[in-house]
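Architecture and fold: a report
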Amino acid sequence: MTATVPPAPSENPIPDPAGRVELPPGVVLTDARFVNDDLLPVPLARRRWTTYNFTALWVGMAHNIPSWLLASGLVALGMDWKQAVFTIALANVIVLAPMLLTGHAGPKYGIPFPVLARASFGLRGANLPAMIRAGVACAWFGIQTWIGGQGIFVLLGKLFGGWAEASEVGGQPWTLWVCFVLFWALELAIIHRGMEALRRFENWAAPFVIVGALVLLVWVANKAGGFGPLLDQPSQLGWGADFWPVFFPSLMGMIAFWSTLSLNIPDFTRFGAGQRAQVWGQTLGLPTTMTLFALLSVFVTSGSQAVYGAAIWDPVQLAAGTDNVFGLLFALVTVLVATISVNIAANVVSPAYDLANLAPRFITFRTGALITGVVGVVIMPWKLTETPELYIFTWLGLVGGLLGTVAGILIADYWIVRRTRLDLTDLYTPGGRYWYTSGWNVHAVVAFAVGGVLAVGGSHSAPGKGPFPQDGLIPFLKPLADYGWAVGLAASLVVYVALTAGRRRV
């Protein structure tokens, strides 16, 4: 027996004045194939994240080394700083829309992303988008952890000397591997304490990282006596025919940078005190923070060009330019806090829930986090950041296309088909309204297949620059490849709505 339901009309969820819903009194969900304590709806009493908590979450996630380097990747592709900042700002305004739409189910029902996906994909089918999202997060976890470990290695090497000359293991100094492993262990130790510990960490990490970035700006400006010629450097692309073929795939890549969170944002909003908290918190936190951080990276890099005669886009390498011990220690702590802040929130929370959804009987949130840490190391995804072509076009473009496809189905099902109405009990009950065909919704799978093929089927690489054929995996779809995220989202949404037309559902 999967649920014990008392007689009377208590089958229906109990709403509160703010429109939030929790399980009816007396309902006990016991089917271990689909239920554990981490997947159950958060009780109303524990939904207390405020606007500040969500804003701080985004500030903490956005202020990290890869975010800092986004502008440099675009400048390396030929944009000037104004074009790079504009591209980043527009991308984050665009990605905010699906973020808010999928985030709505969190405060209303208290459910994480894989449980929300059960409504559209089915109780078993939800593992399809969940595992795609988990795989992406594991790779991102490895990227961020490696970058954080490198930052610690560089700064400690500056403090103590001789680290870079240590004997090599696997092509890298053994001291770098030690920094990487210690950083990895510290991240998992924090997430092991749970989501409340993460909320507290983000609350103080956000202002600390902002201060750290501003200190770097003041230091560079003081040494430079002003900013260098980078701000006056013209675009190599202009605003004409050469610009747009670079702009659109770059825009999709910037969108893909946070498209992962546009899916699993219910993992956080489920703790929200209401819709106002998540809407205002995300609106104030995401596009403004990413735009200001891109501007900050440009100004600091411009100052570095005036001081050193060359643009230094990596903030760790720039901070290592000081001989002040206190400055190096401050930079070291800032790198630690910034990287931990984004990596735990963006890349551990989601796969922890996704893996728990795969086998609730055996995998808890904490177990899922540990598995994420192990997989993130085994994948060795740091190779993806070696060139901007591979990082922005191939990795982010491919990921964005697939995740945009899933987002289109979630938005279509939750907003258009169901009009935001879900039955909480049936989301955990085999044989209920979300069981479909043996736990799979064929309509969602078809929509995912169509959207996915259109989004990434034309993926292509320049000769010697990536893993795809020059003419695309499916040549006639090559023109769509530069718009993968938008194509995937729109196509899957339209197909799903068309397949479910005329079926009124809860």
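What counts as what
All residue numbers refer to position in the chain's written sequence, counted from 1. Residues qualify for local features only when their pLDDT is at least 70, as the model is predicted, and side-chain atom pairs are given and counted only at 80 or more; totals for whole chains, interfaces and linings, by contrast, use all residues. The basis for the side-chain values is all heavy atoms of the structure; hydrogens and waters are excluded. Secondary structure is summarised from DSSP: a helix means a run of H or I of at least four residues, a strand means a run of E of at least two, and numbering begins at the N terminus for each. Summary of the burial criterion: residues with accessible area below 20% of their type's maximum are buried, those above 50% are exposed, and those between are partly exposed, where the area comes from a 1.4 Å probe applied to protein chains only. We call two residues in contact when some of their heavy atoms are within 4.5 Å. By convention in these notes, a salt bridge is any Lys or Arg side-chain nitrogen within 4 Å of a carboxyl oxygen on Asp or Glu. Convention adopted: a line fitted to C-alpha atoms gives each axis, helices being fitted over their contacting stretch, and angles between N-to-C directions are expressed from 0 to 180 degrees. Each angle receives one of four descriptions, namely roughly parallel if under 35 degrees, roughly antiparallel if over 145, roughly perpendicular if within 65 to 115, and oblique otherwise. Lys, Arg, Asp and Glu make up the charged group, whereas Ala, Val, Leu, Ile, Met, Phe, Trp, Tyr, Cys and Pro make up the nonpolar group; the residues left over, Gly among them, are polar. Left-handed describes a crossing in which the near helix is turned anticlockwise from the far one by less than a right angle; the clockwise case is right-handed. Under the pairing criterion, centres of Phe, Tyr and Trp rings, with the six-membered ring standing for Trp, must be within 6.5 Å; the plane angle then separates stacked pairs below 30 degrees from edge-to-face pairs above 60, leaving the rest tilted. Surface patches are defined over residues having more than 30% relative accessible area and no salt bridge, joining like charges when they lie within 9 Å and nonpolar side chains (Val, Leu, Ile, Met, Phe, Trp, Tyr) when within 5 Å. Only the protein chains shown count as cover for residues, with accessible areas throughout obtained via the Shrake-Rupley method and a probe of 1.4 Å.

**Things to note about the overall build of the protein chain**
Tallying secondary structure elements over the protein chain gives 18 helices and six strands in all. The proportion of buried residues among the 506 residues of the protein chain is 58%. Counting contacts in the protein chain only where the partners sit at least 6 residues apart, residues at least 24 apart contribute 81% of the total.

**Concerning the pattern of salt bridges**
For side chains of opposite charge, pairing can occur when their charged atoms come near one another. If you walk through the whole model with that rule in mind, you get five salt bridges. A salt bridge links D80 to K82, with the nearest nitrogen and oxygen atoms 3.8 Å apart. Salt bridges linked by common partners bring D423, D426 and R433 together as one network.

**Quick notes on the packing of helix α6 (residues 127-160) against helix α13 (residues 325-347)**
It is at 9 Å that the axes of α6 and α13 come closest, and there the two elements cross at 175 degrees. Taken together, α6 and α13 sit at an angle that is classed as roughly antiparallel. Among the residues forming the contact of α6 with α13, the class breakdown is 16 nonpolar, seven polar and two charged.

**Quick word on the packing of helix α3 (residues 81-103) against helix α9 (residues 244-264)**
Contact geometry for α3 and α9: axes closest at 8 Å, N-to-C directions at 35 degrees. Handedness of the α3/α9 crossing: right-handed. Between α3 and α9, the residues in contact are F86, T87, I88, L90, A91, N92, I94, V95, P98, M99 and T102 and F247, S250, L251, M254, I255, W258, S259, L261, S262 and L263, respectively. Taken together, the residues of the contact of α3 with α9 break down into 15 nonpolar, six polar and no charged.

**Topic: unusual backbone geometry**
For T420, which is not a glycine, the phi torsion comes out positive at approximately 70 degrees. Take T420: it is sitting in the loop between α16 (388-417) and α17 (442-456). Of note in this structure, S438 is not a glycine but carries a positive phi near 55 degrees. Residue placement: S438 occurs in the loop between α16 and α17.

**Side note on the packing of aromatic side chains**
Within the structure shown, the criterion is met by 19 aromatic pairs. On the basis of an interplanar angle of 50 degrees and a centroid distance of 6.0 Å, the ring pair of W81 and F299 is categorised as tilted. One end of the pair, W81, is in helix α3; the other, F299, is in helix α11 (residues 275-308), with 218 residues separating them in the sequence. Residue W81 is classed as buried on the basis of its relative accessible area, which comes to 17%. Using a relative accessible area of 27% as the deciding quantity, one classes F299 as partly exposed. An angle of 55 degrees between the planes, with centres 5.1 Å apart, marks the rings of W146 and W177 as tilted. One end of the pair, W146, is in helix α6; the other, W177, is in helix α7 (residues 174-191), with 31 residues separating them in the sequence.

**Focus: a nonpolar patch on the surface**
Nonpolar side chains collect at one region of the surface, where V169, W174, V178 and L182 lie side by side and expose about 380 Å² of accessible area between them. The leading source of residues in the nonpolar patch is α7, at three residues. Along the chain, W174 falls in helix α7.

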